[in-house]
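# Close look at the chain arrangement
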Amino acid sequence: LHSASQSELITSTESCFRHLHSLLPDDFLNIITLDLHDDLKEMLDSNKDSLKLEAMKRIVAMIARGKNASDLFPAVVKNVACKNIEVKKLVYVYLVRYAEEQQDLALLSISTFQRGLKDPNQLIRASALRVLSSIRVTIIVPIMMLAIKEAASDMSPYVRKTAAHAIPKLYSLDPEQKDQLIEVIEKLLADKTTLVAGSVVMAFEEVCPERIDLIHKNYRKLCNLLIDVEEWGQVVIINMLTRYARTQFLNPNINGGEKAFYEKKAEAAALAKRKPYVMDPDHRLLLRNTKPLLQSRNAAVVMAVAQLYFHLAPKAEVGVIAKALVRLMRSHSEVQYVVLQNVATMTIKRRGMFEPYLKSFYIRSTDPTQIKILKLEVLTNLANETNISTILREFQTYIKSMDKDFVAATIQAIGRCATNIGEVRDTCLNGLVQLLSNRDELVVAESVVVIKKLLQMQPEQHSDIIKHMAKLTDNIQVPMARASILWLIGEYCEHVPKIAPDVLRKMAKTFTNEEDIVKLQIINLAAKLYLTNSKQTKLLTQYVLNLAKYDQNYDIRDRARFIRQLIVPTDKSGALSKYAKKLFLALKPAPVLESPFKDRDHFQLGSLSHLLNAKAGGYQELPDWPESAPDPSVRNVEVKDSVRAGGTVTLRGRALGLSEESGSGSESEESEEESESEEEEEEEEDEEEERAKKKKKVDKSKPKKPESAESDQSSGEEQKRIRKGGKDRRSGTESESEDESESESSESESESEEESESDTDIKKKKKPTPSPQVTPVNSFLSNSLVTDLEGLSLTDTVLTIAPSSSVRLYELLHRITGEGLAVEYCFSRQPFSPDPHMVAVQIQFTNNTTSEAKSLHIEEPKLQSGMRIKEFPEIEVLPAGESVNVVMGIDFCDSTQAANFQLCTHIRKFFVSIQPPVGELMTPAFLTENEFKKEQGQLMGMNEISEKLTLGEKCQSEHVIVERVTSTANLSRVPCGSDKESRFAGKTVSSGSLVLVTVTRKDGAGALLTVNCEKMVIGTMLVKDILQALTQ
Amino acid sequence: MIHSLFLINNAGDIFLEKHWKSVISRSVCDYFFEAQDKAGEPDNVSPVIRTPHHYLINIYREKIFFVSVIQTEVPPLFVIEFLHRVAEMFQDYFGECSEVAIKDNVVIVYELLEEMLDNGFPLATESNILKELIKPPTILRSMVNTITGSSNVGETLPTGQLSTIPWRRAGVKYTNNEAYFDVVEEIDAILDKSGTTVFAEIQGVIDACVKLSGMPDLTLSFMNPRLLDDVSFHPCVRFKRWESERVLSFIPPDGNFRLMSYHVNAQNLVAIPVYVRQNINFFETGSSGRVDITVGPKQTMGKTVENVIVTIHMPKVVLSANLTATQGTYTYDPVTKILVWDIGKLNQQKLPNLKGSLSLQSGAPKPEENPSLNIDLKIQQLAISGLKVNRLDMYVEKYKPFKGVKYVTKAGKFQKNWELACHEGLLRLTDLVWSSFTLMKNIPFLF
């Protein structure tokens, strides 16, 4: 066994490497595993799933430990199509790990995934895409591209989500695909499901964060979806929207913001011109919808909202984030670390926000040092005149900490408080001086450094402190502290004229043993003393300079030479030495102690770059607010139907369009407008519905009665025959009693109807009455009219050849209820060629959504007995924004009952119904005058209904009457000798029963309307409709 | 986003690596080890480490470093939060998040990591969904698996991910339907020497264990919701209803979860349940010290204080302790210099006392200050803030569940006597000098 393994080991360099390490026991095991690879291969080749699984588990364990298992690739890849799910999953894990190294072999597995992409199960499709896109092999880029594109329009949102995930994978593999990927991103951004939103924004951020224009149309949707998106998606979306808002909205703090300092001049001028600031409603929408997320359990989400508020909210509203951030401080220490970094930056700009939470930043002895130091930073930033005493008391206890780094930082913090708040400078200084007698050298050293800075601000008052510090040189060993003391003495030597030369004497003695920075300061001290007190120190200075001349460090040698030339006047030393005193003893500006977090807020808070205070790869700059707001209308989403065909274009649509064009109408206004008009419409619809219901009740009762009378005697089959062939029945094998009962019942009804329906019907007809230019006459009819109506005046012809397209449109599905799909229909009055007994209904689909509607078709018609529907052919795809017309046929059985059915798209079903006005149930019949009279003569008595009426004001002339009647009912005109009479004829579509209409004008506005029709119900209703049309 | 993950134990072994994009050599962890060396304590390792080509974001949990490798800009909290979720998921699956548990279940761990991230972006982090995808190991199942060769991987793919309620798995069924809620409160307090409260606050969480069939819709209401100053919720809680009615309305995940965390802002009015009288002295001569500590109950509202533990970080010069406790046991670790006194239940009649002497390093100067005390305690059946659950209602489902609420109060970061001792020791001078330099860079130091 051993020799076998050895021979294998030496074959490759990699194994040689292992061999070197094989002395270690762990790697000794490794040799055995290497040897076992043969076993693994055998197991993988076996037929038993359990063996395969065991092998795969061992392989994955190897991968997890970072051991190389690439030599098993051929054996593993064979199992990619394994039936066992767990084996399959582990093979995927292996494949994704090693495919990059074994590209050729990896290609063997591709076909399996391609098959998976077509699987009917959405989760299998998704996982196939996931693995396929994770295999980093350049050759399959086109396959991946295709798969992503297909998955992006998958029906399942989960697959679409996977597609969004795959986009950055492909992009990193081949950046040249960017343009195509952007197209896919654009498509997915329009997706309305929460599942996809987070992932696609992530893809957007990785592939094309600069394409801010893609967001416009989706901005409001993203804002509204936000609360339902999963946590991780929320973070990505909020960060992206922060950037977006910075480019699109105006600075809400524009008046009296922090920038007032250098903007003042410009502002004064600009203020006059500038309109008072009004927040864009979209800006408000973002702030409003993100606020609840401050309550998220996920620290990253809370931080994302906090930074959004910090960067975008008006000053007065930023405060809400403080409480949430303070909450995060009770979380894990890593979270605390990041949050404190951000709080530190925030406290510089907006101190007031965190002041109420001062105590939450108190330091605990159990905090890690890095947290302590950050808290200290925050406390220092928060210090002001009112709370400084509390903070200093707190600091005093910190100095006693065992954690030295922390103590040093505390002393620095005290120094900063002292410089920032003048009132406590003396207190702080006294406190620090006391620390000079601390037993801990480090505390002393740090104090010296800080005191030096403080003294520079007001040296004259503190000569005793300087004296005290001079004494410290005997004991203190920390170079930085020694250097600081020496610098102080040199700088303020006139305040301590007696001590200074003595210090120099001591230093000269120890010069050779000092650290470099101390040596430099000794030289400095010597030079300064030489200039002010040369009598006492001349020799000392020369001694020090001589020592320095031969120092090991060339910086010090250099400095010594330079200073000697400058201060010791010789013949050669030029004009410069005259100014030596000015050079050395010039008044130096006091140091400014600043927070290291100052100005860090130019990085987006919460980002990695902010934390590091350096730009990380892929960081997107947070843009400055624009001077003037870009056009807000770009975010308007056009749900309105752009392709609504003529006829009944409502005022609302136009008004909407106007407001959008002018750009003045903000979203809220617009939506109000919309909702108002919608309400109106709804009301109207409601009324209509009510009326329709009433009518239905009546209608239903009508045909049922004769049926019920018949049903006792005749079979169902007979019934059908009877109902279809009206004439057969008329010619009369049926019993008289039937006829009688029918006529009686209908008569009684017609009376009651007249009473009950008259008001409602008038109301109803008011609305659909077409405006003058909308003449519902189709070309077919108008042609026949032109030929038939000789002797009409020119105006008449013009009128009758009115555009046939202006047929009245009825709404089948409102675009709101149809979720963007609007459906309208009209009765085209064309003969329906597949079945002459059907009424042709032209249906217009308009897709107002931004995605395709697919497979539009009809399902489950619910019809009254005898009614039939001839469906239109299924519309496979209706692209976004387009509309399409189809024609369907309905046999209404000469009744005005509604045809109910379901209108289906690939995702939804809508219940709709079509109810025909009685006038649409007939087709024109062409009769001569004689034929008309003959037919009329046969339809007397019960079949003739006459009604006296008073013609409406506009209805006096003949051609108006013709027009009104033909628009109400689909009839043709019959030539007539008398100019007082107008005659019309038609046949019902279903049974072909004749319908004859005569309008005889009397003197004045009086007229007589006569309708002859064997279908009495139709006759009655037609009379009513025509009556209404003529009396208006 | 997240490129790779390395799990490293305290000894510095990388015992697991996982890559979500192309492979990154584990040598990148050297930068981490460097930072770790510099920091000393694991707590002090910076969560974000910069290397020439990558950024390392790490967390330390249960003695394991989770080190993730990042290549481009990403919110650090995003990664940190995710890593904690990973740790919690291990806890959830294996009962503990330890090196042993991870090594024993390496395949499941790998499968979990595979599902949790896709291309470095979180995919499924809800425990309910993951448990449908990958079944947690149980003794019974692992036995069955070895015999039958069946797997831990769910046969059916989870529906929750596709639903609008991604946190709950579908088709839950129990014979005993029960919903239990634990209201756990912690007091964080800092007291000064005299026992006055410097700072005190109460944090609470409501942990739920809900085992209900179907899709129950629960509503939990409080007697006194006004107490709650700041709250954060599990994503299942409907925020709108909380805003308007102050009730928690939610469709719960199945099993254990944290429903809500809250903060009670009572400032200094927090009732501190115990008092401590301590006297720790060090003598200049004889290098010794004396300890005398007594703990007694204060405002406990009639409940017993349990699990009382006093922890003292002694100064470095303290070599050993020779003490007698009237109750409980004490230990002193001379390496970490931590004295732990485990008292147990507090007895009203006979107050526990710890008394005795300390021996100090001879020759060393006596510590200046008294050390601070940390106190740990637990009170059953009491939420110290007074928060009370009013009722729990269930909608949608018809059955009658068992319901229960339990209250517990614990000490969080309870610190008596914020007085720290100074100690002698080696200082890392280089660091300090460096930091002074950076702060002083704008001082004209030339002359």
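What this report covers is the structure whose coordinates are included nearby. Because the structure is predicted, anything quoted here is derived from the model rather than measured.

Let us look at the overall build of chain A. Assigned secondary structure in chain A consists of 45 helices and 15 strands. Partitioning the contacts of chain A with sequence separation of at least 6, the portion at a separation of at least 24 is 67%. In the form shown here, chain A has an accessible surface area of approximately 46,500 Å², with 53% of it arising from carbon and sulfur atoms.

Turning our attention to the interface of chain A and chain B. The interface is formed by 111 residues belonging to chain A together with 110 residues belonging to chain B. Summed over both sides, the interface between chain A and chain B buries roughly 10,100 Å², with carbon and sulfur atoms accounting for 60% of that surface. Of all residues in chain A, A:Trp232, A:Arg364 and A:Met402 give up the largest surface area on contact with chain B, accounting jointly for 8% of the area buried on that side. Where chain A packs against chain B, one counts nine salt bridges. With a shortest N-O distance of 3.4 Å, A:Lys89 and B:Glu115 are connected by a salt bridge. Looking at the side of chain A that touches chain B element by element, the count peaks at seven residues for helix H4 (residues 49-64) of chain A. Within the side of chain A that touches chain B, the residues separate by chemical class into 48 nonpolar, 32 polar and 31 charged.

Mapped onto the elements, A:Ile371 comes out in helix H23 (residues 369-382). Along the chain, A:Ile371 and A:Gln341 lie 30 residues apart, while their C-alpha atoms are 9.4 Å from each other.

Residues and elements named next belong to chain A. At their nearest, the axes of helix H17 (residues 281-290) and helix H18 (residues 299-312) sit 10 Å apart, and the two run at 150° to each other. Judged by the angle between their axes, H17 and H18 are roughly antiparallel. For the element pair H17 and H18, the recorded crossing hand is left-handed. Contacts from His-283, Leu-286, Leu-287, Arg-288 and Thr-290 of H17 reach H18 at Val-305, Leu-308, Tyr-309 and Leu-312. Here the residues of the contact of H17 with H18 sort into six nonpolar, two polar and one charged.

Now for helix H13 (residues 194-207) of chain A. Here H13(A) contains 14 residues, and its C-alpha end-to-end distance of 20 Å stays within 8% of the 20 Å for a straight helix at 1.5 Å per residue. H13(A) sits mainly inside the fold: eleven of its 14 residues count as buried. Next to the buried residues of H13(A) lie helix H11 (157-173), helix H12 (178-189), helix H14 (219-225) and helix H15 (231-248) of chain A together with strand S7 (121-122) of chain B.

Two pairing modes exist for strands in a sheet, parallel and antiparallel, and in both the strands are linked by backbone hydrogen bonds. All names here are of chain B. Within the open sheet, the four strands sit side by side as S14-S15-S20-S17. Their pairing is antiparallel. Strand pairing shows two members of the sheet lacking a second neighbour, strand S14 (274-282) and strand S17 (318-325), which therefore form its edges. Adjacent strand axes in the sheet meet at a mean angle of 15° when their direction is disregarded.

What follows covers a nonpolar patch on the surface. All names here are of chain A. A cluster of nonpolar side chains, Leu-576, Tyr-579 and Leu-583, forms an exposed patch at the surface whose accessible area comes to about 300 Å². Its place among the elements puts Tyr-579 in the loop between helix H33 (554-567) and helix H34 (580-584). A relative accessible area of 45% places Tyr-579 in the partly exposed class.

A separate point is the packing of aromatic side chains. Within the structure shown, the criterion is met by 25 aromatic pairs over all chains. An angle of 90° between the planes, with centres 6.5 Å apart, marks the rings of A:Trp487 and A:Tyr492 as edge-to-face. Owing to a relative accessible area of 1%, A:Trp487 belongs among the buried residues under this scheme. Members of the aromatic cluster, joined through ring pairs, are A:Trp232, B:Phe78, B:Phe82 and B:Phe121. The positively charged end of A:Arg97 is found above the aromatic ring belonging to A:Tyr98, 4.5 Å away from the centroid. A:Arg350 extends its terminal NZ or CZ atom over the ring of A:Phe310, reaching a point 5.2 Å from the ring centre.

Criteria and thresholds
- Residues numbered from 1 in each chain as written.
- Chains lettered and ligands numbered in written order.
- Predicted model: local features only at pLDDT ≥ 70, side-chain atom pairs only at ≥ 80, totals over all residues.
- Heavy atoms only, no water.
- Helix = DSSP H or I, 4+ residues; strand = E, 2+ residues; numbered from the N terminus.
- Contact = heavy atoms within 4.5 Å.
- Areas by Shrake-Rupley, 256 points an atom, 1.4 Å probe, with all protein chains shown as cover.
- Buried area = accessible area lost by both parts, 1.4 Å probe.
- Salt bridge = Lys/Arg side-chain N within 4 Å of Asp/Glu carboxyl O.
- Nonpolar A, V, L, I, M, F, W, Y, C, P; charged D, E, K, R; others polar.
- Axes fitted to C-alpha atoms, helices over the stretch in contact; angles between N-to-C directions.
- Parallel < 35°, antiparallel > 145°, perpendicular 65-115°, else oblique.
- Left-handed = near helix turned anticlockwise from the far one by under 90°.
- Expected span 1.5 Å × (residues − 1).
- Buried < 20%, exposed > 50% of the residue type's maximum accessible area, 1.4 Å probe, protein only.
- Pairing = 2+ DSSP bridges.
- Patch = residues over 30% accessible without salt bridge, like charges linked within 9 Å, V, L, I, M, F, W, Y side chains within 5 Å.
- Phe/Tyr/Trp six-rings, centres within 6.5 Å; stacked < 30°, edge-to-face > 60°.
- Lys NZ or Arg CZ within 6 Å of the ring centre and 35° of its normal.

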